[in-house]
Amino acid sequence: EAGVAQSPRYKIIEKRQSVAFWCNPISGHATLYWYQQILGQGPKLLIQFQNNGVVDDSQLPKDRFSAERLKGVDSTLKIQPAKLEDSAVYLCASSERTSGRNNEQFFGPGTRLTVL
Amino acid sequence: AQSVTQPDIHITVSEGASLELRCNYSYGATPYLFWYVQSPGQGLQLLLKYFSGDTLVQGIKGFEAEFKRSQSSFNLRKPSVHWSDAAEYFCAVDPQGAQKLVFGQGTRLTINP
């Protein structure tokens, strides 16, 4: 079974530029998550999708971050314009559904963003 | 404030030695509890989870964790570590069972040969 795919794996940009990350979840998984992991910290949930609808985006900095999952499958996370403090690893995860005890989240390898 | 605390940022143990990684949480009710491992350049992998019932849970790769309600702790243990266990370990909680994970800051494990 293929895992969660993310691209690119690495990205270096200058501040005020824009950047986009792509995630393809495990086939059939209805729920998709984007996390931000700053160096030395644990991942922080940015946004959670159920199919193509947003379940929770309370921690997404909406003035510069946006995310979409138009067809309920793959997803794109965008930052525009980027700031130095956005340097982090952006992790995508997917799960079969939104809740339930046996609902495990599977994580992709992440995209490491460096903002100069 | 609600939080997940991993008191040890970095731990070094010798190969073959026992291991215990600490995790404390601060939530009103007992949340769902998880331990994840992250190897360099790789995504997070679930080691084990606790929802209810038996307070000692077994996971993959020989790991186990014990839930102690009185101490609000969920410590991860392994009787004998292998060099391949070197990685970053994260404790996480799901306060409401809605798959909104809150992670601790992580503990980096180094194994001495």
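Before reading further, recall that the structure is shown in the block above.
Counting starts from 1 at the beginning of each chain's written sequence and moves along it residue by residue. Whichever chain is written first becomes A and whichever ligand is written first becomes 1, with later ones labelled in order. Only residues with pLDDT of 70 or above have their local features reported here, since the model is predicted, and side-chain atom pairs are shown and tallied only from 80 upward, although totals for entire chains, interfaces and linings are computed over all residues. Only hydrogens and water are removed before side-chain values are computed, so all heavy atoms of the structure are retained for them.

Q: Pulling in residues and values, what's your account of the environment of Arg22 of chain B?
A: All names here are of chain B. Helical segments are the DSSP runs of H or I of at least four residues, strand segments are the runs of E of at least two, and each set is numbered from the N terminus. Within the fold, Arg22 resides in the loop between strand S3 (19-21) and strand S4 (24-26). Distance in space between the C-alpha atoms of Arg22 and Pro7 is 6.6 Å, their sequence separation being 15 residues. It only takes one pair of heavy atoms within 4.5 Å for two residues to be counted as in contact. Excluding anything up to four places from it in sequence, Arg22 contacts Thr5, Gln6, Pro7, Asp8, Trp35 and Asn75. Pairs of N or O atoms are called polar contacts if they sit within 3.5 Å, as long as, within protein, a hydrogen donor faces a hydrogen acceptor (for residues adjacent in sequence, only side-chain-to-side-chain pairs). A polar contact of 2.9 Å, which involves the side chain of Arg22, links it to the side chain of Asp8.

Q: I'd love a proper account of the state of the cysteines, names of residues and values included.
A: All names here are of chain A. Working definition: a disulfide is two cysteine sulfur atoms within 2.5 Å of each other. In this structure the tally under the stated criterion is two disulfides over all chains. Covalent S-S linkage joins Cys23 and Cys92, the inter-sulfur distance amounting to 1.9 Å. Because the torsion about its S-S bond is -70°, the bridge between Cys23 and Cys92 counts as left-handed. Here Cys23, found in strand S3 (residues 19-24), pairs with Cys92, found in strand S9 (residues 88-95); they are 69 residues apart in sequence, far enough to count as distant. Accessibility classification places Cys23 together with Cys92 in one group, the buried group. The buried label applies to any residue whose accessible area, calculated with a 1.4 Å probe on protein chains only, is under 20% of its type's maximum; exposed applies above 50%, and partly exposed to all values in between.

Q: Could you give me a rundown of the packing of aromatic side chains, with the residues and numbers involved?
A: A pair of aromatic rings is counted whenever rings of Phe, Tyr or Trp (Trp by its six-membered ring) have centres within 6.5 Å, and the orientation is called stacked for planes under 30 degrees apart, edge-to-face for over 60 and tilted otherwise. Counted by the stated rule, this structure contains 16 aromatic pairs over all chains. Summarising the aromatic geometry, the rings of Phe65 of chain A and Tyr90 of chain A are spaced 6.4 Å apart at their centres and angled 40° between planes, so their arrangement reads as tilted. Here Phe65 of chain A, found in strand S7 (residues 65-68), pairs with Tyr90 of chain A, found in strand S9; they are 25 residues apart in sequence, far enough to count as distant. Judged by relative accessible area, Tyr90 of chain A falls into the buried class, the value being 0%. Aromatic side chains Tyr50 of chain B and Phe67 of chain B sit 4.7 Å apart centroid to centroid with 25° between the ring planes, which places their arrangement in the stacked category. With Tyr50 of chain B in strand S6 (residues 44-50) and Phe67 of chain B in strand S8 (residues 64-68), the pair connects residues that are 17 residues apart, well separated along the chain. In this pair, the class of Tyr50 of chain B matches that of Phe67 of chain B, namely buried.

Q: Lay out the interface of chain B and chain A in plain terms, naming residues and giving numbers.
A: On the side of chain A, 24 residues touch chain B, which itself brings 20 residues to the contact. By definition, the buried area sums, over both parts, the 1.4 Å-probe accessible area that each loses when the two are put together. With both chains or domains summed, chain B and chain A bury close to 1700 Å², and 49% of this area falls on carbon and sulfur atoms. The term salt bridge refers to a pairing of a side-chain nitrogen on Lys or Arg with a carboxyl oxygen on Asp or Glu at a separation within 4 Å. Where chain B packs against chain A, one counts zero salt bridges. At the boundary of chain B with chain A, the tally comes to two residue pairs in polar contact (both at pLDDT 80 or more). Within the residue set of the side of chain B that touches chain A, elements represented by two or more residues are strand S5 (32-38) and S6 of chain B. Note on residue categories: nonpolar means Ala, Val, Leu, Ile, Met, Phe, Trp, Tyr, Cys or Pro, charged means Asp, Glu, Lys or Arg, and polar means any other residue, Gly included. Considering only residue class, the side of chain B that touches chain A consists of nine nonpolar, nine polar and two charged.

Q: For unusual backbone geometry, give the residues involved together with the corresponding values.
A: All names here are of chain A. In this structure, the amide linkage connecting Ser7 to the following residue, Pro8, adopts the cis form with an omega of -10°. Tracing the sequence through the fold places Pro8 in the loop between strand S1 (5-7) and strand S2 (10-13). Cis geometry is adopted by the peptide bond preceding Pro81, which originates at Gln80 and carries an omega value of -5°. Relative to the helices and strands, Pro81 resides in the loop between strand S8 (75-79) and S9. Even without being a glycine, Asn51 presents a positive backbone phi close to 55°. Position of Asn51 relative to the elements: it lies in the loop between strand S5 (44-50) and strand S6 (53-56).

By themselves, these figures tell us nothing about what the structure is for.
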